[in-house]
Amino acid sequence: MKLIRTICGTFLMLMILAQTGWTQKKNESKAAADAPKLVVKIVVDQMRHDYIPLYWDKFEEDGFKRLVNRGFSFENNHFNYFPTFTGPGHAAIYTGATPSVNGVVGNAWYDRSIDGSMYVVSDSTVSPVGTESDAGKMSPRNLLSTTVTDELKSASSNSKVITVSSKDRGAVLAAGHLGDAAYWYEGESGKFVSSSWYVSELPEWVQRFNEKGLAKEFANSTWETLLPIEQYTESSADDRSYEGTFENEEAPVFPHDLAANRGNEYGIINSTPFGNTLIAELAKSAVEGEDLGTGDGTDFLGVSFSSTDYVGHKYGPHSVELQDTYLRLDRTIGDLLNYLDKQVGKGNYLVVLTSDHGVVDVPQELINKNLPGGYFDSDKAVDELAEFLKTEFGDEDWIENYTNQQVYLDRDLIDQNGLSKQVVQQKVADFLLQFEGVKSTNTAHNYQYKNYGAGQEAMYQRGFMYDRSGDVYIQLKSGWLDTDYPTGTSHGSPYNYDTHVPLIFYGWNVPQGETSRKTPIPQIAPTIPNMLYIPLSRGSEANLLQFAA
């Protein structure tokens, strides 16, 4: 009987293995026969959804209009967590997980183990490539989930993954752990660099691109408006007191003489449309240099346009500078799509365009219009909180850090004094409610042990990770920013102006249409593997986008 059970068990196992192998071969065969040659994921940094309809009449036919008119647009697409920053945005787009799972709780956060700030892609264990500076000491080590690019590389040894961005985090988080290469811009030298996590040296095509000196050429030019300035009727007046300026400028007005303001470095082009042009040119060089879209597997090109973020921060969302940046980006994207048509072939590539976050109107502009908005003095609030805690619990330094609107308390000190973390956190939360601009507060204890099903508290909870997040969160009122922004503006809130961003699929196997159903950003990552017949990212909840109205 035992022998019979063994034979039967062995036979069953062989059947299962045979079925598994057949299924795997079937999926591989299906993926090979019905898959795009190239996936191009475009992330436009700080792009609010309303920019497309706002500038629509000034766009040309081959850029944003082509994507919208011939692709599928998710018109009500939102981030479903706080904080809405570049690092968390790229991580969510590529992992399909929120910060509570993928670990990217900010562009940087306070790390208790080192008693200092931890930058999202900083890694002292890797070596810089293409530079001798710390600009090359970057990796995805802090990212705790796999990315769609990781899964593509795991599923297909024939697939290549290349990512390019002005920002290191925009390139690294897109390439993930297994990407073939990530390249980002070093403003000091005007060159693109990488790290030993990905490559041991820059390939010849990147070296040739750097040697062209295109970045330096842009940095020595003058930024004029693309169209006659009187046609920028969608924007406010060019000269406004709450816009930022370059170092030697007297006023934030066109034309902007970059050569007179760049000093000895070339990072200035990040704050102009030319930074996006540079990235697009590098992306085209990557397609040719790496033969993307010509092999047996599906290749992946990640492109992150960051100049929109730099310009938006400096001038605000209603500036002539930002409109000019988007009009030029529209032409840049059109040129890139036309290039892909010729190089890869129409219908052979899939484009996914979205953004990592939105942005709030300049608070001073809101105030001038009698709309809700203002500036929160976090330094004053934290200083007064420190004195309150000394009075309440003893003459000690109870606060270790304040970042990302979060108070990091000295947890060891609380334990040593026999205090309850929950009690101390709640005392802090209650105290901070008195300050102007604070809508509400909440604690790490609540985010750790309560279950917020919906609303803004659920968004904060999805962005919380106990060993990386603070002990008390400050939630500002709509339209409010920290006083760190005397000019320009920023982002990072759970409000619609920061969460509502475009999402467009275009090209291979994508139907034309749109939907107004609300969709969360983490649905992007699992949708792409599902289309490619590869495994989903490990942290993803596997909720797929539906291409239906």
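Above this note sits the structure.
A few points on the structure. This one's a predicted model, so the numbers in the text were calculated from it and none came from an experiment. (Residues numbered from 1 in each chain as written. Predicted model: local features only at pLDDT ≥ 70, side-chain atom pairs only at ≥ 80, totals over all residues. Heavy atoms only, no water.)

This next bit is on the overall build of the chain. Per the secondary structure count, the chain includes 20 helices and 20 strands. For 549 residues, the compact-globule estimate of 2.2 N^0.38 gives 24 Å, and the C-alpha radius of gyration of the chain, at 25 Å, lies within 12% of that figure. Scored against the burial criterion, the 549 residues of the chain give a buried share of 58%. Excluding contacts between residues fewer than 6 apart, the proportion of contacts in the chain whose partners are at least 24 apart in sequence is 73%. Between the mean site of the 45 positive side-chain charges and the mean site of the 73 negative ones, the chain shows a separation of 9 Å. (Helix = DSSP H or I, 4+ residues; strand = E, 2+ residues; numbered from the N terminus. Rg over C-alpha atoms; globule rule 2.2 N^0.38 Å. Buried < 20%, exposed > 50% of the residue type's maximum accessible area, 1.4 Å probe, protein only. Contact = heavy atoms within 4.5 Å. Lys, Arg positive; Asp, Glu negative; His and termini not counted. Charge placed at Lys NZ, Arg CZ, Asp CG, Glu CD.)

In this section: the sheet that holds strand E5 (residues 128–129). Each strand in a sheet pairs with its neighbour through backbone hydrogen bonds, running either in the same direction (parallel) or in the opposite one (antiparallel). Ordered by their spatial adjacency, ten strands build an open sheet running E5-E8-E7-E6-E11-E1-E12-E19-E2-E20, and the pairing between neighbours is mixed. For this open sheet the edge positions go to E5 and strand E20 (513–520), each flanked by a neighbour on one side alone. Relative to the sheet, helix H8 (residues 204–212) contacts strand E7 (181–186) and strand E8 (191–195), its axis offset from that of E8 by approximately 150 degrees. (Pairing = 2+ DSSP bridges. Axes fitted to C-alpha atoms, helices over the stretch in contact; angles between N-to-C directions.)

Inspection of the entire model under this criterion finds 32 aromatic pairs. The interplanar angle of 65 degrees and the centroid separation of 6.2 Å between the aromatic rings of Phe82 and Tyr473 together place this pair among those described as edge-to-face. One end of the pair, Phe82, is in the loop between strand E2 (72–78) and helix H4 (86–95); the other, Tyr473, is in strand E17 (residues 472–476), and 391 residues separate them in sequence. Neither Phe82 nor Tyr473 differs from the other in exposure class; each is buried. Clustering of aromatic rings is evident, with ring pairs tying together Phe82, Tyr447, Tyr452, Tyr460, Phe464 and Tyr473. Above the face of the Tyr94 ring, Lys41 is positioned so that its terminal group lies 4.2 Å from the ring centre. Its guanidinium or amino end placed over the ring of Tyr310, Lys167 lies 5.2 Å from that ring's centre, counting from NZ or CZ. (Phe/Tyr/Trp six-rings, centres within 6.5 Å; stacked < 30°, edge-to-face > 60°. Lys NZ or Arg CZ within 6 Å of the ring centre and 35° of its normal.)

Further remarks concern the pairing of strand E19 (residues 503–507). The buried fraction of E19 is high, at four of five residues. Bridge analysis of E2 against E19 gives two bridges, and the strand direction is antiparallel. Considered in E19, the bridge of Ser73 is made with Ile504.

Here we come to empty space enclosed by the protein. Enumeration according to the criterion identifies one cavity of 30 Å³ or more in this entry. Considering only enclosed or pocket space, the largest cavity measures out at about 40 Å³ in volume. If you list the elements that add at least two residues to the lining of the largest cavity, you get H8 and helix H9 (214–219). Across the lining of the largest cavity, the residue classes break down as four nonpolar, three polar and one charged. (1 Å grid on protein atoms, 1.4 Å probe; cavity = no way out; pocket = protein on both sides within 12 Å on 5 of 7 lines; lining within 4 Å. Points joined across faces, edges and corners; volume = space filled by probe spheres on them. Nonpolar A, V, L, I, M, F, W, Y, C, P; charged D, E, K, R; others polar.)

Okay, helix H11 (residues 307–315) next. Counting buried positions along H11 gives eight out of nine residues, so the element sits mostly inside the fold. Those residues of H11 not exposed but buried are Ser307, Thr308, Asp309, Val311, Gly312, His313, Lys314 and Tyr315. Against the buried residues of H11 lie strand E1 (38–44), strand E9 (222–223), strand E10 (256–257), helix H10 (274–289), strand E11 (299–305) and helix H12 (320–343). Phi turns positive, to about 95 degrees, at Gly316, one or two residues after H11.

Let us look at unusual backbone geometry. Most peptide bonds are trans, and most residues other than glycine sit at a negative phi. Omega for the peptide link from Phe82 to Pro83 comes to 15 degrees, which places this bond in the cis form. Looking at the element boundaries, Pro83 is found in the loop between E2 and H4. With an omega of -5 degrees, the peptide bond between Phe254 and Pro255 qualifies as cis. For Pro255, the position within the fold is in the loop between E9 and E10. Phi is positive for Gln46, which is not a glycine, with a value near 65 degrees. Relative to the assigned elements, Gln46 resides in the loop between E1 and helix H2 (51–55). Overall, the relative accessible area of 1% leaves Gln46 in the buried class.

Moving on: the environment of Ser221. Examined against the element boundaries, Ser221 turns out to sit in the loop between H9 and E9. Taking C-alpha positions, Ser221 is 8.8 Å from His256, a pair spaced 35 residues apart along the chain. Ignoring any residue separated from it by four or fewer positions in sequence, one finds Ser221 in contact with His256, Asp257, Leu258, Ala259 and Phe274. Side-chain polar atoms of Ser221 contact the backbone oxygen of Phe218, separated by 2.5 Å. (Polar contact = N/O pair within 3.5 Å; in protein donor to acceptor, adjacent residues only side chain to side chain.)

A separate point is the sheet that holds strand E15 (residues 406–409). Here four strands make up an open sheet; going across it, the order is E14-E15-E17-E16 and the pairing antiparallel. Edge positions in the open sheet fall to strand E14 (399–403) and strand E16 (438–443), since each of these has one partner strand only. Taken pair by pair, the neighbouring strands of this sheet meet at an average axis angle of 20 degrees, ignoring direction. Judged from the two bridges that link them, E15 and E17 form a sheet pairing that is antiparallel.

Here the focus is the layout of surface pockets. In this model, the largest pocket occupies a volume close to 500 Å³. Around the largest pocket sit 31 residues that line it, and Phe85, Gln405, Asp482, Tyr485 and His491 are the ones nearest its centre. Secondary structure elements with two or more residues in the lining of the largest pocket: H11, helix H14 (378–393), E14, strand E18 (480–482) and helix H19 (496–499). Its residues placed into classes, the lining of the largest pocket shows twelve nonpolar, eleven polar and eight charged.

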